[in-house]
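The primary structure of each chain is shown beneath.
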Amino acid sequence: MSTATRPQMTYLTAALDDLRSKHRYFRLRVLEGEQKPLATFDGKEVVNLSSNNYLGLTTHRALRKAALEATRSLGVGSGAVRTIAGTMKIHMDLEEQIARFKGTEACVVFQSGFAANAGTVSAILGKEDLIISDELNHASIIDGCRLSKANIKVFAHKDMKDCERICQETVNWPGKKLLITDGVFSMDGDIAPLPQLCDLAEKYNCIMMVDDAHSSGVLGRGGRGTVDHHNCHGRVDIQVGTLSKAVGALGGYVCGTRDLIEFLYHRARPFLFSTSHPPSVAATCQAAFSLLDSPAGEKLIRKLWANTKFFKRRLKKLGFNTGISESPITPIMVGEAAKAFEFSRRLFDEGVLAVALGYPTVAEGKARIRTIVTATHRRQELERALETLARVGKALGII
Ligand SMILES: *Cc1c(COP(=O)(O)O)cnc(C)c1O
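Every value quoted in this text rests on a predicted model; they were computed, and no experiment measured them. (Residues numbered from 1 in each chain as written. Predicted model: local features only at pLDDT ≥ 70, side-chain atom pairs only at ≥ 80, totals over all residues. Heavy atoms only, no water.)

K.L.:
Talk me through the pattern of salt bridges; I want residue IDs and the actual numbers.
P.N.:
Considering all chains together, one arrives at 26 salt bridges under this definition. Where Asp228 meets Arg221, a salt bridge forms, and the shortest distance between an N and an O atom there is 2.5 Å. Of the charged contacts in the structure, one is a salt bridge between Glu387 and Arg391, with a shortest N-O distance of 3.2 Å. Highlighted residues: Glu387 and Arg391, both in helix α14 (residues 379-395), separated by 4 residues, approximately one helical turn. The exposure class assigned to Glu387 is partly exposed, which follows from its relative accessible area of 45%. In the salt-bridge network here, residues are joined through shared partners; they are Glu34, Lys36 and Arg64. (Salt bridge = Lys/Arg side-chain N within 4 Å of Asp/Glu carboxyl O. Helix = DSSP H or I, 4+ residues; strand = E, 2+ residues; numbered from the N terminus. Buried < 20%, exposed > 50% of the residue type's maximum accessible area, 1.4 Å probe, protein only.)

K.L.:
Describe the site of the ligand, with residues and values.
P.N.:
Of all residues adjacent to the ligand, which total 15 residues, the nearest are Gly113, Asp211, Thr242, Ser244 and Lys245. The separation between an oxygen atom of the ligand and a polar side-chain atom of Thr242 is 2.7 Å. The fraction of the free accessible surface of the ligand (380 Å²) that becomes covered by protein chains is 85%. At 3 residues, helix α4 (residues 113-124) tops the list of elements feeding residues into the shell around the ligand. Taken together, the residues of the shell around the ligand break down into 2 nonpolar, 10 polar and 3 charged. (Near = heavy atom within 4 Å. Polar contact = N/O pair within 3.5 Å; in protein donor to acceptor, adjacent residues only side chain to side chain. Areas by Shrake-Rupley, 256 points an atom, 1.4 Å probe, with all protein chains shown as cover. Nonpolar A, V, L, I, M, F, W, Y, C, P; charged D, E, K, R; others polar.)

In structure tokens form, the structure reads like this:
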């Protein structure tokens, strides 16, 4: 066979065997049909507790219509990177709309939230600079930090004393300083202490940056994110958000001053060297932000939080350890990775999709399954999931 493994590639086979032996090997679950609260993966219908589709916008009628209309009138692709010939009017309109929504001077959209973080951090800092970063910040922030070649100092998760210790030790740092945090942390669902971080950034002259991937469309008025939630307007220099989670489509954005955005036009490598979104994606996002800014959007956010509170309360009542979550992301702590994976596998067999997370995604000994409810889960779906969680959790001795 022409695809037989040649000797120079066998190290990959060995690496996969190693993953298997450590219970870190996985297969991709394949979604058949739409991304919805009740969904079919690998031919099995399950209550879906694993999507970031917080407001159910992946299948929303108004967004679908906007995508189809944009495809009809503008085609399926932009044909170039933004700086060559790939800036369409619809891209500029979306950026203006997001900037207005967030109350900032300007906005630039990237191909993904990952590209927004990695592209921005690596563009604004160089090897003479310093980054002060929460230990649980997202991989895209970590990669951006590494790409920048700046010095990286990591503080213990949300530990303001540890953060200030680093600030003090580097008080005479000759280069620029960046203090960076997730707004909502993706593994524990807890919220960053943004006002205190802003205090430190101001006291020690740091650029302040927050990644609101899990808070856009979830926290703040109309889902404006953690800056609005904490009333930190004017104190955060760089706000990143994603268009791939609550917004329901794909992409990432950076909001800030006009100078920041124009600088990124000139220096952010994903912006310069990777093709811009198809018109359908931009149109979908425009429709999403219009919805967020309307009573219908507010209603969806209220529903998201009502479902979140209901689900958390019931999990606790069942005796599950749900950690320190304050958002729709609710982990169920298990401890041992092998057991978390077993829990997830048995849940799937019984009709509930909740992924297991083990080392290195989370710390060793803190393996868990992660659940995310959305605005569009019906109570009977959540009841069904809770009943299954209780049954399997008891069988495995988790509760
Ligand atoms: C999901 C996520 C991203 C990446 O966003 P994409 O649009 O999916 O690339 C960035 N940061 C955090 C904290 C995330 O959870």
